[in-house]
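Examining the three-dimensional arrangement
So the chains spell out like this:
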Number of protein chains: 2
Amino acid sequence: MNKKGIDIISIGDEILIGQIVNTNSSWMADKLNSKALPINRIIAIADSKKAITEALIDSGNSAKLVLVTGGLGPTKDDITKKTVCELFGGKLIVNKEVEEHVRSFFIKRGRDLTKLNSDQALVPDNCVVIFNAQGTAPAMYFIKDETHYVFMPGVPFEMKGLMTSWVIPHFSSLCEVPYIAQKTVLTSGMGESFLAEKISQWENDLGDNTSLAYLPSPGKVRLRISVKSDKKELADSTLEKHIYNLHQIIPDLIYGYNNDTLEGIVGQLLTSNNSTIATAESCTGGLIAHKLTSIAGSSTYFIGGITAYNNSIKQAMLNIPESTIEEHGAVSEEVAKLMAKNVREIMGTDIGISTTGIAGPSGGSEDKPVGTVWIGFATKDTISAKKYLFGDQRERNTNWSVQTALNTIRKHFKSKHDDIVG
Amino acid sequence: MNKKGIDIISIGDEILIGQIVNTNSSWMADKLNSKALPINRIIAIADSKKAITEALIDSGNSAKLVLVTGGLGPTKDDITKKTVCELFGGKLIVNKEVEEHVRSFFIKRGRDLTKLNSDQALVPDNCVVIFNAQGTAPAMYFIKDETHYVFMPGVPFEMKGLMTSWVIPHFSSLCEVPYIAQKTVLTSGMGESFLAEKISQWENDLGDNTSLAYLPSPGKVRLRISVKSDKKELADSTLEKHIYNLHQIIPDLIYGYNNDTLEGIVGQLLTSNNSTIATAESCTGGLIAHKLTSIAGSSTYFIGGITAYNNSIKQAMLNIPESTIEEHGAVSEEVAKLMAKNVREIMGTDIGISTTGIAGPSGGSEDKPVGTVWIGFATKDTISAKKYLFGDQRERNTNWSVQTALNTIRKHFKSKHDDIVG
């Protein structure tokens, strides 16, 4: 069988019972992927001899490299080393260098060395010992039947230190891998299936070496484009061409790339345009203000917000006339517009943004079902409001409303920019 | 081979390249574990025919139940259904009920049905179709060679709906497992290591059939207690005894059980005490208001809030005298107290809660380092404020402040109750 790719194995009962989320694996996968080292599988198994043995045999049959984390700590539930000795043939012996390292590690911290800790210096006599600068348990490296195995401790910062200092450089140089150029295009303003139809021709033209993944969440669809090639330059330029072409089709929907956030992009736009903003929220209950202020440095553009949940607060603090609410209802174009206009004036900002809607589960009517949300937007020159119908789940409605409100602010600057350059 | 246990398989390139963390699997593992349904392995694989085929064959050889998520959305990167047909024998046919469900799903939202969406009604003719109330793609259930397979969409809330409504009840009734009585005790107000010391004697006395897990997050520590026994009654009564004893040691720290949230508990307390509340937030930027309004029905007690980020808003909208800010600084006991007092008066509520602090990363000083937060609390009878020092991480600071503010409200009602019964 032709062995290839990487299997990541996480040993630990705490993952299998859902007590912790396997963030080690996703960190490793991200780092390996950025070096075009291809991953076959991510596997989590129990702290048992049987599970470890079966997983190592199974992955050894198909993978070129097996990266194992966990099961190397000082406490009793760690049986990895013994199992590995039985499987790969080998005896546990004291490694003098590791022993010295463990000892000095404890002396430095003014703590006594226990039997449990000194056992960390026991390693199989047939492995290469990889020094762990961040902790006491070393990593162990085996090659058997053309498969490479590296065993690392499961403590995140120890694993990360070993990956960065040794695993990634070592295997990057060993492997001849095709280069993968990758970028994630972030869009907002159109649902997954409509977006897929709109860009179907572009998608069909991507070619065999390019793959596309849709990653939807409320109010956003991320598009991950990957181009594989033996030639780095070709992959990079092909990727840029695809993104350029995509931009021609959906210029208004794209708000950023990779790890950008809508609130971060909006923050940049407010900063670079020297603009300030205030929020008037009803159904989103303060979440727009929270998102805006989650960005470090937001105090330069975010002045303040009013969560006007009760209609009395809409009247008293946002100066919405009682008659307007009576005539049109609190969830209406008129109220959304006035909320945005008035909060801008009250707080003396360049922009006002507002939400009023029915988050659910109750409060809906035939005319205004749960999920009906008006988003208002005001500057000194314009006042507008738009109606949306999101759905019947309270939490999703709120998130969807917030993303849409942030996207409304982004589009304002985008169209302003288009006015100038267009 | 004697098949046993459960394999969870997550399909998705985005997991293998580390773009998203596999939280679906840990949620599923937690729910299955709470019903004593044993998990063998958690596996993540690529969106490819080869990877899906190999994983299904491999897990089918050893597991009694295989739960698969992902690869059932409307876009092209989803090839699961075709692969399953080839592997299990079967043809894709239109399921009339699903088609009708998909159609009404779109009509309700006032949107057109696309070809991609109507394809969701295509299901293998040899599976049992499990209705997905939360979305359009149904789950599919197969039994082959004594292994049960369930395929679910990867969208978290759709998967959760299917697991809760069908998968867990169905397989709980099929399997004979030792009974596990389990409850998670939710605490707020003391860090993990101090809490561990405080309850160490209780922990030592738990006995062999009981296990304890600490699950810390900013401002909260959850304690999950599991008692295993062949006898349901014995397990249940042992668990209740442990919880009773724990309550004797830390009565004030426990705010709820299992899936309770602090905002939900606070909502119940406000409702049952017929009290209303308003928020005045600076460093938390609206997140307290958002948490309070995330509870359905919160409009009966949450009246409104002011996010006074800029000092001008603290003055203009919360009537904090400029001289007070100049003399004591915006992050001070005096300002926190006035914010809580004034927002209560302005909005006419029973309770006012406030935050003012330095979220970071900048803005700290030797006197008031990043992480300094004052939380103010006011009723018609009392005005108080307390200082906290959380840490240097912006996001953690915000979350920690919000949890602490919510816990402050909870403790107010707790002490009121103690006054009456004491």
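See the structure printed just above.
In this report, the structure presented in the accompanying data block is examined. (Residues numbered from 1 in each chain as written. Chains lettered and ligands numbered in written order. Predicted model: local features only at pLDDT ≥ 70, side-chain atom pairs only at ≥ 80, totals over all residues. Heavy atoms only, no water.)

1. Focus on the overall build of chain A
- Helix and strand counts for chain A stand at 16 helices and 17 strands.
- Against the globule reference of 22 Å for 422 residues, chain A gives a C-alpha radius of gyration of 28 Å, more extended than a compact globule.
- Projecting the C-alpha coordinates of chain A onto the three principal axes gives extents of approximately 85 × 55 × 40 Å.
- In chain A, buried positions account for 52% of the 422 residues.
- Of the roughly 18,800 Å² of accessible surface on chain A, a fraction of 50% belongs to carbon and sulfur atoms. (Helix = DSSP H or I, 4+ residues; strand = E, 2+ residues; numbered from the N terminus. Rg over C-alpha atoms; globule rule 2.2 N^0.38 Å. Buried < 20%, exposed > 50% of the residue type's maximum accessible area, 1.4 Å probe, protein only. Areas by Shrake-Rupley, 256 points an atom, 1.4 Å probe, with all protein chains shown as cover.)

2. Examining helix 15 (residues 333-347) of chain A
All names here are of chain A.
- Look at helix 15: 21 Å from first C-alpha to last across 15 residues, which is about the 21 Å you get at 1.5 Å a residue.
- Taken residue by residue, helix 15 has V335, A336, M339, A340, N342, V343, R344 and M347 as its buried positions.
- Where helix 15 ends, the next residue or the one after it, G348, has phi of about 65°, a positive value. (Expected span 1.5 Å × (residues − 1).)

3. Looking at the packing of aromatic side chains
- Applying the stated rule across the entire model yields 21 aromatic pairs over all chains.
- Consider the rings of F302 of chain A and Y309 of chain B, whose centres lie 5.5 Å apart with planes at 70°: the pair is edge-to-face. Taken together, the residues span two chains, with F302 of chain A in strand 14 (residues 302-307) and Y309 of chain B in the loop between strand 14 (302-308) and helix 13 (311-318). The exposure classification of F302 of chain A matches that of Y309 of chain B, with both residues buried.
- In this structure an aromatic cluster arises from ring pairing among F88, F142, Y149 and F151 of chain A.
- The aromatic ring of Y257 of chain A is capped on one face by K183 of chain A, whose charged end is 4.9 Å from the ring centroid. (Phe/Tyr/Trp six-rings, centres within 6.5 Å; stacked < 30°, edge-to-face > 60°. Lys NZ or Arg CZ within 6 Å of the ring centre and 35° of its normal.)

4. Quick look at the sheet that holds strand 8 (residues 147-152) of chain B
- Read across the sheet, 12 strands follow the order 6(A)-7(A)-8(A)-3(A)-1(A)-2(A)-2(B)-1(B)-3(B)-8(B)-7(B)-6(B) without closing on themselves; strand pairing throughout is mixed. Of all the strands in the sheet, the pair left with one neighbour each is strand 6 (128-130) of chain A together with strand 6 (128-130) of chain B. For this sheet, the mean inter-axis angle between neighbouring strands, taken without regard to orientation, is 20°.
- On top of the sheet, helix 3 (residues 49-62) of chain A reaches strand 1 (6-11), strand 2 (39-45), strand 3 (65-69) and strand 8 (147-152) of chain A together with strand 2 (39-45) of chain B; it is set at about 175° to strand 2 of chain A, its chief contact. (Pairing = 2+ DSSP bridges. Axes fitted to C-alpha atoms, helices over the stretch in contact; angles between N-to-C directions. Contact = heavy atoms within 4.5 Å.)

5. Considerations on empty space enclosed by the protein
- Summed over the entire model, instances satisfying the criterion amount to two cavities of 30 Å³ or more.
- Size it by volume and the largest cavity reaches roughly 140 Å³.
- Taken together, 18 residues form the lining of the largest cavity, with N22 and I42 of chain A together with N22, S25 and I42 of chain B sitting closest to its centre.
- Those elements giving two or more residues to the lining of the largest cavity turn out to be helix 2 (23-34) and strand 2 of chain A together with helix 2 (23-34) and strand 2 of chain B.
- Space inside the second largest cavity adds up to approximately 30 Å³.
- In terms of lining residues, the second largest cavity is bounded by L72, K81, Q120, A137, P138 and M140 of chain B.
- Residue classes in the lining of the second largest cavity are distributed as four nonpolar, one polar and one charged. (1 Å grid on protein atoms, 1.4 Å probe; cavity = no way out; pocket = protein on both sides within 12 Å on 5 of 7 lines; lining within 4 Å. Points joined across faces, edges and corners; volume = space filled by probe spheres on them. Nonpolar A, V, L, I, M, F, W, Y, C, P; charged D, E, K, R; others polar.)

6. Description of the side chain of H101 of chain A
Residues and elements named next belong to chain A.
- Following the sequence through the fold, H101 ends up in helix 5 (residues 96-108).
- The exposure class assigned to H101 is buried, which follows from its relative accessible area of 14%.
- Ignoring anything within four residues of it in the chain, the contact list for H101 reads F131, N132, G135 and T136.

7. Re the interface of chain A and chain B
- On the side of chain B, 70 residues touch chain A, which itself brings 73 residues to the contact.
- Between chain A and chain B, roughly 5,500 Å² of surface is buried when both sides are summed, and carbon and sulfur atoms account for 59% of that area.
- Measuring nitrogen to oxygen at the nearest pair gives 3.6 Å for the salt bridge that ties D58 of chain B to R41 of chain A.
- Across the chain A-chain B interface, the total number found is 16 residue pairs in polar contact (both at pLDDT 80 or more).
- When residues of the side of chain A that touches chain B are assigned to their parent elements, the largest contribution, seven residues, is made by strand 2 of chain A. (Buried area = accessible area lost by both parts, 1.4 Å probe. Salt bridge = Lys/Arg side-chain N within 4 Å of Asp/Glu carboxyl O. Polar contact = N/O pair within 3.5 Å; in protein donor to acceptor, adjacent residues only side chain to side chain.)

8. Notes on the packing of helix 3 (residues 49-62) of chain B against helix 4 (residues 80-88) of chain B
Residue and element names in this part refer to chain B.
- Viewed as axis vectors pointing N to C, helix 3 and helix 4 meet at an angle of 50°, and their least axial separation amounts to 10 Å. For the element pair helix 3 / helix 4, the angle class is oblique. Along this stretch, helix 3 crosses helix 4, giving a crossing that reads as right-handed. Contacts between helix 3 and helix 4 involve K49, I52, T53, L56 and I57 from the first element and T80, T83, V84, E86 and L87 from the second. (Parallel < 35°, antiparallel > 145°, perpendicular 65-115°, else oblique. Left-handed = near helix turned anticlockwise from the far one by under 90°.)

9. Section: the sheet that holds strand 16 (residues 372-378) of chain B
- The strand order 17(A)-16(A)-15(A)-13(A)-14(A)-14(B)-13(B)-15(B)-16(B)-17(B) describes an open sheet built from 10 strands, whose pairing is mixed. If you trace the sheet from one side to the other, it starts and ends with strand 17 (383-389) of chain A together with strand 17 (383-389) of chain B, each paired once. When the angles between neighbouring strand axes are averaged without regard to direction, this sheet yields 15°.
- One ladder, built from seven bridges, connects strand 16 (residues 372-378) of chain A with strand 17 of chain A; its direction is antiparallel. Bridging across to strand 17 of chain A, I375 of chain A finds its partner in K386 of chain A.
- Contacts between helix 15 of chain A and the sheet are confined to strand 13 (277-281), strand 14, strand 15 (351-357), strand 16 and strand 17 of chain A, with strand 15 of chain A contributing the most and set at about 145° to the helix.

10. A word on the environment of R222 of chain B
All names here are of chain B.
- Relative to the elements of secondary structure, R222 occurs in strand 11 (residues 220-229).
- Residue classification places R222 among the partly exposed positions, given a relative accessible area of 37%.
- Considering only alpha carbons, one finds R222 and T184, 38 residues apart in sequence, at a separation of 6.4 Å.

11. Some words on the pattern of salt bridges
- According to the stated counting rule, one finds 25 salt bridges over all chains in the structure shown.
- For the salt bridge of R41 of chain B with D7 of chain B, the shortest nitrogen-to-oxygen distance reads 3.0 Å. Here R41 of chain B, found in strand 2, pairs with D7 of chain B, found in strand 1 (residues 6-11); they are 34 residues apart in sequence, far enough to count as distant.
- Owing to a relative accessible area of 13%, R41 of chain B belongs among the buried residues under this scheme.
- Each member of the salt-bridge network shares a partner with another, and the members are D7, R41 and D58 of chain A together with D7, R41 and D58 of chain B.

This is a description of form; function is not addressed.
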